[in-house]
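Below, each chain spelled out in residue letters.
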Amino acid sequence: KTYSMSGGKLSQASFKHRGLVPRCLSALFNMVKERPQMTVTVRVSYCELYNETFYDLLAPNLKADIQVMEDSKGGVHVKGLTYHVANSEEEALSL
């Protein structure tokens, strides 16, 4: 699973071995670059679901009071998850 998500150590050596997260971040920031007339703020969070428990991978204590909730519009919101602003693909990957 880790290899599929991040690409593992090979991702640093080979562009084609990047995982899902680096590929999605690359596509997202390319779309932002293509729309200079728009103001965009990218917020990044990383969480893991393991044994029916959510872990905030960017929080200092990892295990936080995280709950997946549905908002009034039918969207999904993760309550208690840490969000960080990222201005570039590299910045998002280095969190």
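The preceding data block contains the structure.
Everything in this summary refers to the structure shown in the same document. (Residues numbered from 1 in each chain as written. Predicted model: local features only at pLDDT ≥ 70, side-chain atom pairs only at ≥ 80, totals over all residues. Heavy atoms only, no water.)

It is worth spelling out the overall build of the chain at this point. Along its length, the chain carries four helices and six strands. In the chain, the succession of helices and strands from N to C terminus is α-α-α-β-β-β-β-β-β-α. By its C-alpha atoms, the chain is 35 × 35 × 25 Å across when sized along the principal axes. The long-range fraction of contacts in the chain, counting pairs at least 24 apart against all pairs at least 6 apart in sequence, stands at 37%. Of the roughly 7400 Å² that the chain leaves accessible, carbon and sulfur atoms contribute 55%. Counting 11 positive and 10 negative side-chain charges, the chain places the centres of these two groups 6 Å from one another. (Helix = DSSP H or I, 4+ residues; strand = E, 2+ residues; numbered from the N terminus. Contact = heavy atoms within 4.5 Å. Areas by Shrake-Rupley, 256 points an atom, 1.4 Å probe, with all protein chains shown as cover. Lys, Arg positive; Asp, Glu negative; His and termini not counted. Charge placed at Lys NZ, Arg CZ, Asp CG, Glu CD.)

If you walk through the whole model with that rule in mind, you get one salt bridge. A salt bridge links Arg35 to Glu34; the shortest N-O distance between them is 3.9 Å. In this structure Glu34 comes out as exposed when scored by relative accessible area, which is 58%. (Salt bridge = Lys/Arg side-chain N within 4 Å of Asp/Glu carboxyl O. Buried < 20%, exposed > 50% of the residue type's maximum accessible area, 1.4 Å probe, protein only.)

A few words now on the nonpolar core. Leu25, Phe29, Val42, Val44, Tyr46, Leu58, Ala86 and Ala92 together form the largest nonpolar core, which totals eight residues. For this core, the elements supplying multiple residues, two or more each, are α3 (20-33) and β1 (42-44). Setting aside anything within four residues of it in sequence, one finds Leu25 in contact with Tyr46, Glu89, Ala92 and Leu93. (Core = buried A, V, L, I, M, F, W, Y, C linked by side-chain atoms within 4.5 Å.)

What follows covers the pairing of strand β5 (residues 76-79). Two elements, strand β4 (residues 67-70) and β5, share four bridges in a ladder whose sense is antiparallel. Note on β5: the bridge partner recorded for Gln67 is Lys79. Linkage of β4 to β5, two consecutive antiparallel strands, is achieved through a turn of five residues, within which Gly74 is found at a positive phi near 90 degrees. (Pairing = 2+ DSSP bridges.)

In this structure, Asp56 sits in strand β3 (residues 53-56). For the buried Asp56, which has no salt bridge, the nearest side chain bearing the opposite charge is Arg43, at an N-O separation of 13 Å. Among the polar contacts listed, one links the side chain of Asp56 to the backbone nitrogen of Leu58, at a separation of 3.0 Å. (Polar contact = N/O pair within 3.5 Å; in protein donor to acceptor, adjacent residues only side chain to side chain.)

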